[in-house]
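# Notes for the structure review
Below, each chain spelled out in residue letters.
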Amino acid sequence: KKIMNKWQKFIKWLDTPKQNVKDTHARTSAGTLLYTHSFGGEKNMGELGPVRSYALDYDMLRARSWQSLLESEITQTVLGKYILWVVGEGLKMQANPNKMILKSEKIALNTEEFNEVAEARYSVWSNSTGSDYTGMENLNIISSTAFKNAIVGGDVLVVLRYEDNEVKVQLIDGAHVCSPMYGNDWYAYVLANGNEIRNGIELNAKGEHVAYYVKQENLVFERIEAKGSKTGLTMAYLLYGLKYRIDNTRGLPLIATILETLKKLERYKEAVVGSAEERQK
């Protein structure tokens, strides 16, 4: 009888679903058992497969994304339309000062005249090559280029240079923003002042971007401060394509999750077109 009881307990143990965390149970006031177990997303064990915590390789994702744009007309068509829909012909200023705030500060301002002058000045500046650091393009083309580099490459560094009493916009490919020594999302390079460098970004204790390190020729790095030392205004910032998690300092390409699908579509298209060509021959 003892052997039978032990055998029944063993059979019952085999039939009981195993969990990573031990199940707990309690009884209600009526004596009914209530079972509690951990929930990791799976209702049935094994349905979701192994759990993965991704460590992002920004350089590899950037290279594969640009490769897809160069090799796949599907990628070019989709992203081209997306950029056109979002950016269009560029930004248009619509000045609208808050009259209540101005009044509280006892500032008398003809808002209608101010709006017309501000919008006219912005239009002249943005449509001229004077807004470009290289002096070759206008702000509308720069906006389209910046957005394209952000969604394809993951991020792009936008730097505002103040020269000849004008603000000029400079774009730097995110591939050139990197740590001089080392420092990434998992292991930071700590400076003497306590700031950390992660993936080419210097951050303070609050996580605020302090400066960006841009790689030049002969392994020389230019340190570009995020805010002007005199004005405290933002003079450099990263334009992101897609952010992954809070702790990640760099951006992700917008097509990172569909790179495999795009490649399969390309192979399928080539196979279909190639077989049709052979049949026609």
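None of the values given here were measured: they were computed from a predicted structure. (Residues numbered from 1 in each chain as written. Predicted model: local features only at pLDDT ≥ 70, side-chain atom pairs only at ≥ 80, totals over all residues. Heavy atoms only, no water.)

### Here's the deal with the environment of alanine 55
Position of alanine 55 among the secondary structure elements: in the loop between β2 (33-36) and α2 (58-71). On the accessibility criterion, alanine 55 (55% relative accessible area) is exposed. For the pair formed by alanine 55 and glycine 183, sequence separation is 128 residues and the distance between their alpha carbons is 14 Å. (Helix = DSSP H or I, 4+ residues; strand = E, 2+ residues; numbered from the N terminus. Buried < 20%, exposed > 50% of the residue type's maximum accessible area, 1.4 Å probe, protein only.)

### Some details on the pattern of salt bridges
If you walk through the whole model with that rule in mind, you get 14 salt bridges. Residue glutamate 73 is joined to lysine 269 by a salt bridge in which the shortest nitrogen-to-oxygen separation is 2.5 Å. Of this pair, glutamate 73 sits in helix α3 (residues 73-87) while lysine 269 sits in helix α7 (residues 259-280), placing them 196 residues apart in sequence. Residue lysine 269 is classed as partly exposed on the basis of its relative accessible area of 26%. Linking lysine 227 and glutamate 208 is a salt bridge whose minimum nitrogen-to-oxygen distance equals 3.0 Å. Residue lysine 227 is located in the loop between β9 (221-225) and β10 (236-240), and its partner glutamate 208 is located in the loop between β7 (201-203) and β8 (209-215); the two are separated by 19 residues in the primary sequence. Judged by its relative accessible area of 38%, lysine 227 is partly exposed. Because the salt bridges share partners, they merge into one network encompassing Asp59, Arg62, Asp155 and Arg250. (Salt bridge = Lys/Arg side-chain N within 4 Å of Asp/Glu carboxyl O.)

### Overview of the pairing of β8
Alignment of β7 against β8, held across 3 bridges, turns out to be antiparallel. Paired with isoleucine 201 across the bridge in β8 is tyrosine 212. What sits between the antiparallel neighbours β7 and β8 is a turn of 5 residues, in which glycine 207 has the positive phi angle 90°. Summarising the sheet, β8 and β9 pair through 5 bridges and their orientation is antiparallel. (Pairing = 2+ DSSP bridges.)

### Notes on the side chain of asparagine 149
Relative to the helices and strands, asparagine 149 is located in helix α6 (residues 139-153). Overall, asparagine 149 belongs to the buried group, its relative accessible area being 16%. Among all residues touching asparagine 149, those that are not within four sequence positions of it are Trp66, Gly154, Asp155, Val156 and Asp173. (Contact = heavy atoms within 4.5 Å.)

### Here we look at the layout of surface pockets
Its boundaries defined by the atoms lining it, the largest pocket holds a volume of some 670 Å³. Looking at the lining of the largest pocket, the elements with two or more residues in it are α2 and α7. Class assignment of the residues belonging to the lining of the largest pocket gives a composition of 10 nonpolar, 4 polar and 7 charged. (1 Å grid on protein atoms, 1.4 Å probe; cavity = no way out; pocket = protein on both sides within 12 Å on 5 of 7 lines; lining within 4 Å. Points joined across faces, edges and corners; volume = space filled by probe spheres on them. Nonpolar A, V, L, I, M, F, W, Y, C, P; charged D, E, K, R; others polar.)

### Description of the nonpolar core
Counting residues in hydrophobic clusters, the biggest one holds 12 residues: Leu157, Val159, Ile172, Val177, Ile201, Leu203, Tyr212, Val214, Ile224, Ala226, Ala236 and Leu238. Filtering out sequence-adjacent residues up to four positions away, valine 177 remains in contact with Leu157, Asn199, Gly200, Tyr213, Val214 and Arg250. Among the nonpolar cores identified, the runner-up in size contains 10 residues, and Phe147, Ile151, Ile255 and Leu262 belong to it. (Core = buried A, V, L, I, M, F, W, Y, C linked by side-chain atoms within 4.5 Å.)

### Quick notes on unusual backbone geometry
Notably, lysine 106 is not glycine yet its phi reads approximately 60°, a positive angle. The residue lysine 106 is located in the loop between α4 (99-104) and α5 (111-126) in this model.

### What to know about the packing of α3 against α7
Interhelical geometry of α3 versus α7 gives an angle of 125° and a closest axis separation of 9 Å. Compared by their axis directions, α3 and α7 come out oblique. Along its contact with α3, which presents Glu73, Ile74 and Thr75, the element α7 presents Leu262, Leu265, Glu266 and Lys269. Among the residues making up the contact of α3 with α7, the classes are represented as 3 nonpolar, 1 polar and 3 charged. (Axes fitted to C-alpha atoms, helices over the stretch in contact; angles between N-to-C directions. Parallel < 35°, antiparallel > 145°, perpendicular 65-115°, else oblique.)

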